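Next come the chains, spelled out residue by residue.
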Amino acid sequence: MDKQELIDILSDNSKNEWLFREADRIRHENVGDEVHLRGLIEFSNICKRRCKYCGLRSPNKKVERYRLSTEDILLTAKNAVNLGYRTIVLQSGEDDYFDTDKMCEIIKGIKKLDVALTLSIGEKTYDEYKAFKVSGADRYLLRIETTDKELYSAMHPGANIENRFECLYNLKKLGYETGTGCLVGLPGQTIESLANDILFFKELDADMVGIGPFIPHEDTPLKGASKGDFWLALKVMALTRINLPDINIPATTAMETLNPNGRIIALQSGANVVMPNVTGLEYRAKYEIYPGKICINENPEQCRGCIENKIMSIGRTISENYGFRNQL
Ligand code: SAH
């Protein structure tokens, strides 16, 4: 689709049902009915950045900060593998304590467990990304958040969008399966800029795209802003599926925060991936990027059982392979 078509569909709600059905059909034809589960470990909530929307931004003194030891990270990963996960996702704030050597040690430890490994630890240099890759990391998630240059600057004090783009192209060049995505409903965001976001996913040839509604956090400068619209986020996701038919698209946790059935609706509107939390119960509430995060009172075993039941209730199955792009 070209930009005008994307804008027309995003601004017109009368064809939503068609859009979601079409995205579901294209998902079924290209990536099948299997859902890939990724076990998410939130291993540090310490962050040097000041992203205006994020509850973990460094100026927020109300967060009780934590970081897992290497040993705990590996134990958490092992538990996830025992629960049947074939991919581990390591996510954190930008925490310089985990330097290249520490990360490489953790990566090698996890890769011994015979799983695919995704990193989501922010902006690093080409050489750092290369070292992680050589140590065994398979995939990397780095949302562009928004391709609107002005909005990007307003949302990310001290950061620049050129560097974020460069990071994404470096990841691609290094052979990572590269995931990106955007927030929907940031204050000042336009429909046109969401259309540009989708065009960017295509231009990058992203292997994975995660779309989530913006949810305002009390302890950030955006506390008074309105939350993103669930249905608009779902439309951006569905359009992403239609335009990038064979990629992996998660039903994001933020969608479920805004709609109690959000992940199932997403799985029926183009998504084929879910990322259940496998972090220990004692840390979950502290990794509060936005309020109302689901599953903060559940342990990894409960999360696994719960999502499995939901997925099976809509006639889908859980994949037993690593879930690389194009791996049916
Ligand atoms: N530090 C890593 C991981 C960020 S957390 C990085 O920079 O990539 C993962 C995602 O949470 C972010 O990319 C962002 O899109 C999302 N997020 C952060 N704050 C949010 C909020 N208030 N509402 C919804 N999603 C949010």
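As a reminder, the structure under discussion sits directly above these lines.
Residues numbered from 1 in each chain as written. Predicted model: local features only at pLDDT ≥ 70, side-chain atom pairs only at ≥ 80, totals over all residues. Heavy atoms only, no water.

Undergrad: Residue-level account of the overall build of the protein chain, with values.
TA: Of regular secondary structure, the protein chain possesses 13 helices and nine strands. For the protein chain, the C-alpha radius of gyration of 18 Å lies close to 20 Å, the compact-globule estimate for 328 residues. Relative to its full complement of 328 residues, the protein chain shows a buried share of 57%. For the protein chain, restricting intrachain contacts to residue pairs at least 6 apart in sequence, the fraction spanning at least 24 positions comes to 74%. Counting every atom, the protein chain has about 13,400 Å² of accessible surface; 49% of that belongs to carbon and sulfur. Where the 43 positive side-chain charges of the protein chain centre and where its 47 negative ones centre are 2 Å apart. (Helix = DSSP H or I, 4+ residues; strand = E, 2+ residues; numbered from the N terminus. Rg over C-alpha atoms; globule rule 2.2 N^0.38 Å. Buried < 20%, exposed > 50% of the residue type's maximum accessible area, 1.4 Å probe, protein only. Contact = heavy atoms within 4.5 Å. Areas by Shrake-Rupley, 256 points an atom, 1.4 Å probe, with all protein chains shown as cover. Lys, Arg positive; Asp, Glu negative; His and termini not counted. Charge placed at Lys NZ, Arg CZ, Asp CG, Glu CD.)

Undergrad: Help me get a handle on the packing of aromatic side chains, residues and values and all.
TA: In this structure the tally under the stated criterion is 12 aromatic pairs. When the centroid spacing of 5.1 Å and the interplanar angle of 90° are considered together, the rings of tyrosine 97 and phenylalanine 98 count as edge-to-face. Tyrosine 97 gets classed as partly exposed once you look at its relative accessible area, which sits at 40%. Among the residues examined, phenylalanine 98 registers a relative accessible area of 5% and is labelled buried. A cation sits over an aromatic face here: lysine 102 above tyrosine 97, 4.3 Å from the ring centre. Over the ring of tyrosine 85 we find arginine 304; its NZ or CZ atom is 5.0 Å from the centre of that ring. (Phe/Tyr/Trp six-rings, centres within 6.5 Å; stacked < 30°, edge-to-face > 60°. Lys NZ or Arg CZ within 6 Å of the ring centre and 35° of its normal.)

Undergrad: So what about the sheet that holds strand E9 (residues 317-318)? Which residues, and what values?
TA: Hydrogen bonding along the main chain pairs the strands of a sheet, whether they run parallel or antiparallel. Here three strands make up an open sheet; going across it, the order is E8-E1-E9 and the pairing parallel. Strands at the two margins of the open sheet, each flanked by one partner only, are strand E8 (273-274) and E9. Sheet topology places strand E1 (residues 34-37) next to E9; two bridges connect them, and they run parallel. If you follow valine 35 over to E9, its bridge partner there is isoleucine 318. (Pairing = 2+ DSSP bridges.)

Undergrad: Provide a residue-level description of the site of the ligand, including the pertinent values.
TA: Taken together, 16 residues are adjacent to the ligand, and Tyr53, Ser92, Arg143, Glu145 and Ile215 come closest. One nitrogen or oxygen atom from the main chain of serine 92 is found 3.0 Å from a nitrogen atom belonging to the ligand. Isoleucine 215 has a polar backbone atom sitting 2.8 Å from a nitrogen atom of the ligand. Look at the ligand: alone it shows 560 Å² of surface, and the protein chains cover 90% of it. (Near = heavy atom within 4 Å. Polar contact = N/O pair within 3.5 Å; in protein donor to acceptor, adjacent residues only side chain to side chain.)

Undergrad: Go over the pattern of salt bridges with me, naming the residues and quoting the values.
TA: Applying the stated criterion across every chain yields a total of 28 salt bridges. In this structure, glutamate 29 and arginine 25 form a salt bridge, with 3.0 Å as the shortest nitrogen-oxygen distance. Of this pair, glutamate 29 and arginine 25 both sit in helix H2 (residues 16-31), separated by four residues, roughly a single helical turn. In this structure, aspartate 138 engages lysine 111 in a salt bridge whose closest nitrogen and oxygen atoms are separated by 2.8 Å. Of the two residues, aspartate 138 is situated in the loop between helix H5 (126-135) and strand E5 (139-141) and lysine 111 in helix H4 (residues 100-111); the sequence distance between them amounts to 27 residues. Here the salt bridges do not stand alone but share partners, grouping Arg49, Glu94, Glu123, Glu145 and Arg164 into one network. (Salt bridge = Lys/Arg side-chain N within 4 Å of Asp/Glu carboxyl O.)

Undergrad: Give a description of the sheet that holds strand E3 (residues 87-92) that names residues and reports values.
TA: If you trace the six strands from one edge of the open sheet to the other, you get E2-E3-E4-E5-E6-E7, paired in parallel fashion. Because the sheet does not close on itself, it has two edges, and the strands there are strand E2 (39-44) and strand E7 (208-213). Direction aside, the axes of adjacent strands within the sheet are offset by 20° on average. Direction of pairing for E2 relative to E3: parallel, over a ladder of five bridges. Along E3, the bridge assignment pairs serine 44 with serine 92. Each of E2, E3 and strand E4 (116-120) touches H4; the most contacted strand, E4, lies at about 150° to it. Seen against the sheet, helix H9 (residues 230-243) touches strand E6 (177-184) and E7 and runs at an angle of roughly 165° to E7. (Axes fitted to C-alpha atoms, helices over the stretch in contact; angles between N-to-C directions.)

Undergrad: Tell me about the pairing of E4, and please be specific about residues and values.
TA: The element E4 is largely enclosed, with a buried count of five among its five residues. Of the two faces of E4, the one carrying Ala116, Thr118 and Ser120 and the one carrying Leu117 and Leu119 are both buried. In terms of strand pairing, E3 meets E4 through five bridges, oriented parallel. When the bridges of E4 are listed, valine 89 appears paired with threonine 118. Following the backbone out of E3, through H4 and into the adjacent parallel E4, one traces a crossover that is right-handed. Taken together, E4, H5 and E5 form a β-α-β motif whose crossover is right-handed. (Right-handed = clockwise from strand over helix to strand, strands pointing away.)

Undergrad: Residue-level account of the nonpolar core, with values.
TA: If you look at soluble globular proteins, the nonpolar side chains tend to sit buried side by side. Membership of the largest hydrophobic core comes to 92 residues, with the highest contact counts inside it found for Leu90, Met103 and Phe132. Examining the composition of this core, we find that nine residues originate from one element, H9, more than from any other. Setting aside anything within four residues of it in sequence, one finds leucine 90 in contact with Ile41, Phe43, Ile73, Met103, Ile106, Ile110, Leu117, Thr118, Leu119, Ser120 and Ile121. Of all hydrophobic cores here, the second largest spans six residues; its members include Leu40, Val89, Leu141 and Met275. (Core = buried A, V, L, I, M, F, W, Y, C linked by side-chain atoms within 4.5 Å.)

Everything listed here is a matter of geometry and, on its own, says nothing about what the molecule does.
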